[in-house]
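One-letter residues, chain by chain:
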Amino acid sequence: AQRVTQPEKLLSVFKGAPVELKCNYSYSGSPELFWYVQYSRQRLQLLLRHISRESIKGFTADLNKGETSFHLKKPFAQEEDSAMYYCALRTSGTYKYIFGTGTRLKVLA
Amino acid sequence: GAGVSQSPSNKVTEKGKDVELRCDPISGHTALYWYRQSLGQGLEFLIYFQGNSAPDKSGLPSDRFSAERTGGSVSTLTIQRTQQEDSAVYLCASSLGLAGGGLKETQYFGPGTRLLVL
């Protein structure tokens, strides 16, 4: 069965420190992976997708098929990064998404 | 253009009553999704519509939950005989899907309906 695991419910880091939000997946096919973010009082929105290999707001994520991981990283956290982050997997051949339980990131001043 | 809209924004109901939640997707989006967001459970997939195909209902938690999408546009999620554990934020999202999302395929979320069952 497809599954997305985000082991940390809450991650607190100090401003300027590196941050890594963990995401592991279980899927027998070829996955498409995404990170979505929800800032306070805003809608859930796409942050980045693995297929684009992009950096958004300083965040990057690399798909590691060997470890079945798609961790989100940023070298220097900012206070405005505080938000809820969801990792998601899209099953191939469909447009169905499986989301993880989310990690709340708090960046402390 | 207008984004995904949902109504009502908040709904308080008594246990045992039926509720209907509405979602207006972005025009031209063929895919529509319903999720439930609750503390500790993250974002739980409920149901997914893609064009005229039969919906994927595999995430509906019980037969008290149902959804329909009329004319390939507006969708309603109905919860019958509500229970306290149904209290959550219900999110709707839409995407281009088979209309040509491809590498640009992105889900756009609505603001959600916060349901409280007393």
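What counts and how
- Residues numbered from 1 in each chain as written.
- Chains lettered and ligands numbered in written order.
- Predicted model: local features only at pLDDT ≥ 70, side-chain atom pairs only at ≥ 80, totals over all residues.
- Heavy atoms only, no water.
- Phe/Tyr/Trp six-rings, centres within 6.5 Å; stacked < 30°, edge-to-face > 60°.
- Helix = DSSP H or I, 4+ residues; strand = E, 2+ residues; numbered from the N terminus.
- Buried < 20%, exposed > 50% of the residue type's maximum accessible area, 1.4 Å probe, protein only.
- Pairing = 2+ DSSP bridges.
- Axes fitted to C-alpha atoms, helices over the stretch in contact; angles between N-to-C directions.
- Disulfide = S-S within 2.5 Å.
- Contact = heavy atoms within 4.5 Å.
- Patch = residues over 30% accessible without salt bridge, like charges linked within 9 Å, V, L, I, M, F, W, Y side chains within 5 Å.
- Areas by Shrake-Rupley, 256 points an atom, 1.4 Å probe, with all protein chains shown as cover.
- Salt bridge = Lys/Arg side-chain N within 4 Å of Asp/Glu carboxyl O.

**Quick look at the packing of aromatic side chains**
When we look at a pair of aromatic rings, we describe it by the centre distance and by the angle of the planes. Residue and element names in this part refer to chain A. Applying the stated rule across the entire model yields 14 aromatic pairs over all chains. Relative to Phe 99, the ring of Tyr 86 lies with its centre 6.4 Å away and its plane at 80°, an arrangement referred to as edge-to-face. Of this pair, Tyr 86 sits in strand 9 (residues 83-90) while Phe 99 sits in strand 10 (residues 97-99), and the two are 13 residues apart along the sequence. Look at Tyr 86 and you get buried, because its relative accessible area is 2%.

**Focus: the sheet that holds strand 1 (residues 5-7) of chain B**
Residue and element names in this part refer to chain B. Ordered in space as 1-3-7-6, the 4 strands form an open sheet in which the pairing is antiparallel. Every other strand in the sheet has two partners, leaving strand 1 and strand 6 (65-69) as the edge strands with one partner each. Here the average twist between neighbouring strands, direction ignored, is 15°. For strand 6 and strand 7 (residues 75-79), the ladder comprises 5 bridges, and the chain directions are antiparallel. Residue pairing across strands places Ser 66 opposite Thr 78, the latter belonging to strand 7.

**With respect to the pairing of strand 4 (residues 31-38) of chain B**
All names here are of chain B. Of all 8 residues in strand 4, 7 are buried; the element is thus mostly enclosed. Bridge count between strand 4 and strand 5 (residues 42-50): 8 bridges; the pairing is antiparallel. Note that in strand 5 the partner of Arg 36 across the bridge is Glu 44. Of the pairings in the sheet, the one linking strand 4 to strand 8 (residues 88-95) comprises 7 bridges and is antiparallel in character. By the bridge assignment for strand 8, Trp 34 is matched with Cys 92.

**Some thoughts on the pairing of strand 8 of chain B**
Residues and elements named next belong to chain B. Here strand 8 lies mainly inside the structure; 8 of its 8 residues are buried. Burial along strand 8 is two-sided: Ala 88, Tyr 90, Cys 92 and Ser 94 facing one way and Val 89, Leu 91, Ala 93 and Ser 95 facing the other are all buried. Where strand 8 lies against strand 10 (residues 113-117), 3 bridges are found, and the strand directions are antiparallel. For Val 89, the partnering residue across the bridge sits in strand 10 and is Arg 114. Pairing between strand 8 and strand 9 (residues 108-109): 2 bridges, direction antiparallel. The residue bridging Ala 93 from the neighbouring strand is Phe 109, located in strand 9.

**Re the sheet that holds strand 8 (residues 72-74) of chain A**
All names here are of chain A. Read across the sheet, 3 strands follow the order 3-8-7 without closing on themselves; strand pairing throughout is antiparallel. Only two strands of the sheet have a single partner each, and these edge strands are strand 3 (19-21) and strand 7 (60-61). Note that strand 7 and strand 8 share 2 bridges and pair antiparallel. Of the residues in strand 8, the one forming a bridge with Thr 60 is Lys 73.

**Overview of the state of the cysteines**
For the coordinates displayed, the defined rule picks out 2 disulfides over all chains. Shown here is the disulfide that connects Cys23(A) with Cys87(A), its sulfur atoms set 2.0 Å apart. Here the disulfide of Cys23(A) and Cys87(A) is left-handed, its torsion about the S-S bond being about -65°. Here Cys23(A) is found in the loop between strand 3 and strand 4 (24-26), whereas its partner Cys87(A) is found in strand 9, with 64 residues between them in sequence. Note on accessibility: Cys23(A) and Cys87(A) belong to one class, buried. Here Cys23(B) pairs with Cys92(B) through a disulfide, and the sulfurs are 1.9 Å apart. Disulfide Cys23(B) to Cys92(B): torsion about the S-S bond roughly -65°, handedness left-handed. One end of the pair, Cys23(B), is in strand 3 (residues 19-24); the other, Cys92(B), is in strand 8, with 69 residues separating them in the sequence.

**A look at the environment of Leu21(A)**
All names here are of chain A. Examined against the element boundaries, Leu 21 turns out to sit in strand 3. Taking the C-alpha atoms as reference, Leu 21 lies 10 Å from Trp 35; in sequence the two are 14 residues apart. Ignoring sequence-local partners within four residues, the contact set of Leu 21 consists of Glu 8, Leu 11, Trp 35, His 71, Leu 72, Tyr 85, Thr 103 and Leu 105.

**Side note on a nonpolar patch on the surface**
A surface patch of nonpolar side chains, about 280 Å² in accessible area, is lined by Val12(B), Leu116(B) and Leu118(B). Mapped onto the elements of the fold, Leu116(B) is located in strand 10.

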